[in-house]
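Structural features, examined
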Amino acid sequence: MKKFVLVALALLMLAGCTNQRPRGIKNCQFHLADMRTTEKELTYAKVELLIDATNPNGVEVIIDRMIFDLYANGNKIGSGASSFQQGIPPGESVKLKGKMSIDYISGIMSLWNMLESSSVSYSLGARVYYETPMGNYYRHSTISSAGFSFPSFLPDND
């Protein structure tokens, strides 16, 4: 009997470790509204992100925190994290201010990659931690991304 209780308790604990989105809850929608430099140092720059967050649900959703990653041509050039504890009423939008650092060395390597490939792409994503009346969870969301190609500026090696 004790083994059954221990096994049942272990299964309940493991079930609590899963990251299931509660039924009936949709992920919020995020869009980059603005990005501005707040500090420039020798090896990095700090930027502030202004993000539009829209709650498509019929209940309030709280954005607990976000962990940001910025990629340029597949290379990670920036990261950061911000705690919000910001409630978003049903069907409404709010502005969230996040912080991130951009590494110059990674940026220069990414710039070289852009010149070699004759293309530019970037992606700003975040791991978003939600709190809802039906439970807490997290999901990765793309906040902004784009890309384009251009004529090569580097001489041919032929």
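Preceding block: the structure.
The structure reproduced in this document is the subject of the present report. The model shown is predicted, which means the values in this text are computed figures rather than measured ones. (Residues numbered from 1 in each chain as written. Predicted model: local features only at pLDDT ≥ 70, side-chain atom pairs only at ≥ 80, totals over all residues. Heavy atoms only, no water.)

All chains considered together, the criterion is met by two aromatic pairs. For the ring pair Tyr-129 and Tyr-138, a centre distance of 5.3 Å and an interplane angle of 40° mean the geometry is tilted. The exposure class of Tyr-138 is partly exposed, given its relative accessible area of 28%. Seen from their ring centres, Tyr-130 and Tyr-137 are 4.7 Å apart, and the 15° between their planes marks the pair as stacked. Across the pair, Tyr-137 and Tyr-130 agree in class, each one buried. Between the NZ or CZ atom of Arg-65 and the centre of the ring of Tyr-129, over which it lies, the distance is 3.7 Å. (Phe/Tyr/Trp six-rings, centres within 6.5 Å; stacked < 30°, edge-to-face > 60°. Buried < 20%, exposed > 50% of the residue type's maximum accessible area, 1.4 Å probe, protein only. Lys NZ or Arg CZ within 6 Å of the ring centre and 35° of its normal.)

In this section: the nonpolar core. Phe-30, Ile-51, Ile-63, Met-66, Phe-68, Leu-96 and Tyr-130 are the most contacted members of the largest nonpolar core, which has 27 residues in total. Secondary structure elements with two or more residues in this core: strand E2 (44–54), strand E3 (61–72), strand E4 (75–88), strand E5 (93–103), strand E6 (119–132) and strand E7 (135–149). Considering each element in turn, this core owes the most residues, six residues, to E3. (Core = buried A, V, L, I, M, F, W, Y, C linked by side-chain atoms within 4.5 Å. Helix = DSSP H or I, 4+ residues; strand = E, 2+ residues; numbered from the N terminus.)

Let us now look at the pattern of salt bridges. For the structure shown, the criterion picks out four salt bridges. As a salt-bridge pair, Arg-36 and Asp-34 come within 2.9 Å of each other at their nearest N and O atoms. On the accessibility criterion, Arg-36 (42% relative accessible area) is partly exposed. Classification of Asp-34 as partly exposed rests on a relative accessible area of 30%. Among the ionic pairs, Lys-95 bridges to Asp-52, the shortest N-O distance being 2.3 Å. (Salt bridge = Lys/Arg side-chain N within 4 Å of Asp/Glu carboxyl O.)

Once that is clear, we can look at unusual backbone geometry. One non-glycine residue, Gln-85, lies in positive phi territory at about 50°. One can find Gln-85 in strand E4. Classification of Gln-85 as partly exposed rests on a relative accessible area of 45%. You will see that Ser-118, though not glycine, has its phi angle at about 55°, which is positive. Of note, Ser-118 is situated in the loop between helix H2 (104–117) and E6.

Along the polypeptide, Leu-111 turns up in helix H2. Take Leu-111: its relative accessible area is 48%, and that puts it in the partly exposed class. A C-alpha to C-alpha distance of 8.2 Å links Leu-111 and Ala-72, two positions 39 residues apart in sequence.

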